[in-house]
Amino acid sequence: MTEFSSYIVTNEPTFTATLKTCKLTDLPEGDVLVKVAYSDVNYKDALAAKENGGVIRTYPMTPGIDLAGEVIESQSPDFSTGDQVLLTGYGLGVSHPGGFSQYQRVPADWLIKRPETLSAKDSMCYGTAGFTAALAVTELEKLALEKEAPIVITGASGGVGSISIALLHKLGYTNIVALSRKKEADWLLALGATKITDPADWQPEKIKPLAKQTVAAVIDTVGGSLLSALLPQIRYGGGAFLCGNAGGINIETTVLPFILRGIRVIGIDSVNVDTATRNELWQRLATGWYVADQLHSHEITFETLPETLASLLAGTHQGRTIVKVASET
């Protein structure tokens, strides 16, 4: 029986998060057995590996909301041994053991076949963050903005924010404002940001129902008071595309920006997107929207995973971290 490594969190007898040796019989039920090559690290994974992080409900659990690898066994007519696949979202790493494991068994309808031109590593350079960014940019494109329109990206040094910048630059947008408190975030300029500003510069002491129309669109990963301050600054016909709540789940606003300026607010959910949309967007990320080689990313192994998870919780992490999961044999 194959033995392999999995990063597992448990709360019995006390909370621990550690690398363990497992067997295939330890894996959950599922239609497809995948040998995992790469995963990646998201804020949700950091919460999952933290006691009382609010993500995991049932223990023990293997975090990792993304994976890319090769089909080893399949009971589904849609997948065959040797197929190269990827999975983001659904219950992976939350209610179903996830990608921080060298083997994982998953439901077939969660998987998609990885585009041939996209390597397993590149697909995890994107991961949920890149897929979310692609969803947000797709919605933003529907505004039909001029390419020089001012677009604000909050949480710009994170995965969703930085990939959004790269995608917008790839599409020809020339006025991308990155909001980041990180002092060493000049790499965002190389991705395509026009300038980097402190989020505090966008938050007046008193937020008015309507402010000067300085922004055409916002891709927001922060929420909270920052989003509250930005909504009144969105110009007529603009929009905000909401991808996260790192700054809080509550916002204070009025109906005036929506009624008097016709702005729209679109929520971006990457967890339960239908398979057809997933295939379309991943094909786009593999071809015309390909930016994986430009991203601020680095590769780690299981051994340094705890350090990376801690940096996410501490707010010091930047860019994308790719986890090499596959064994050397």
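Residues numbered from 1 in each chain as written. Predicted model: local features only at pLDDT ≥ 70, side-chain atom pairs only at ≥ 80, totals over all residues. Heavy atoms only, no water.

Let us look at the overall build of the chain. Counting secondary structure elements, the chain contains eight helices and 15 strands. What you see for the chain is a C-alpha radius of gyration of 20 Å, in line with the 20 Å of a compact globule of 329 residues. Taken along its principal axes, the extent of the C-alpha atoms in the chain is 65 × 45 × 35 Å. Every one of the 329 residues in the chain was classed for burial, and the buried ones make up 53%. For the chain, the share of sequence-separated contacts (at least 6 apart) that also reach a separation of at least 24 residues comes to 70%. Within the chain, the 35 negative side-chain charges are centred at a point lying 7 Å from the centre of the 27 positive side-chain charges. (Helix = DSSP H or I, 4+ residues; strand = E, 2+ residues; numbered from the N terminus. Rg over C-alpha atoms; globule rule 2.2 N^0.38 Å. Buried < 20%, exposed > 50% of the residue type's maximum accessible area, 1.4 Å probe, protein only. Contact = heavy atoms within 4.5 Å. Lys, Arg positive; Asp, Glu negative; His and termini not counted. Charge placed at Lys NZ, Arg CZ, Asp CG, Glu CD.)

Attention shifts here to the pattern of salt bridges. Enumeration over the complete set of coordinates arrives at seven salt bridges. Between Asp 40 and Arg 320 there is a salt bridge, with its nearest N and O atoms 3.3 Å apart. Taken together, the residues span a long stretch of sequence, with Asp 40 in strand S3 (residues 32–40) and Arg 320 in strand S15 (residues 320–324) at a distance of 280 residues. You'll find Asp 40 and Arg 320 in the same group, each marked buried. Its salt-bridge partner being Lys 147, residue Glu 141 comes within 4.0 Å of it at the nearest N-O pair. (Salt bridge = Lys/Arg side-chain N within 4 Å of Asp/Glu carboxyl O.)

Right, let's talk about unusual backbone geometry for a bit. Residue Pro 13 is reached from Glu 12 by a cis peptide bond, and omega for that bond is -5 degrees. On the secondary structure map, Pro 13 appears in the loop between strand S1 (3–10) and strand S2 (16–23). Residues Tyr 59 and Pro 60 are joined by a peptide bond in cis, for which omega reads -5 degrees. Relative to the assigned elements, Pro 60 resides in the loop between helix H1 (43–48) and strand S4 (66–74). For Tyr 90, which is not glycine, the phi torsion reads 55 degrees and is therefore positive. Note on placement: Tyr 90 falls in the loop between strand S5 (84–88) and strand S6 (103–106). The class of Tyr 90 is buried, set by a relative accessible area of 18%.

Annotation of the chain at the domain level lists domain 1 (3–114 + 296–324) and domain 2 (128–267). Taken over C-alpha atoms, the centre of domain 1 sits 30 Å from the centre of domain 2. In this assembly, twelve residues from domain 1 lie in contact with eleven residues from domain 2. A per-residue breakdown of the area domain 1 buries against domain 2 is headed by His 296, Gln 318 and Arg 320, which together make up 54% of the total. Counting across the domain 1 and domain 2 interface gives zero salt bridges. Scanning the region where domain 1 abuts domain 2 turns up five residue pairs in polar contact (both at pLDDT 80 or more). Classifying every residue of the side of domain 1 that touches domain 2 gives one nonpolar, nine polar and two charged. (Domains from an automatic or database assignment. Buried area = accessible area lost by both parts, 1.4 Å probe. Polar contact = N/O pair within 3.5 Å; in protein donor to acceptor, adjacent residues only side chain to side chain. Nonpolar A, V, L, I, M, F, W, Y, C, P; charged D, E, K, R; others polar.)

Mapped onto the fold, Pro 77 is located in the loop between S4 and S5. The class of Pro 77 is exposed, set by a relative accessible area of 81%. Sequence spacing of Pro 77 and Lys 170 is 93 residues, and the spatial spacing of their C-alpha atoms is 37 Å.

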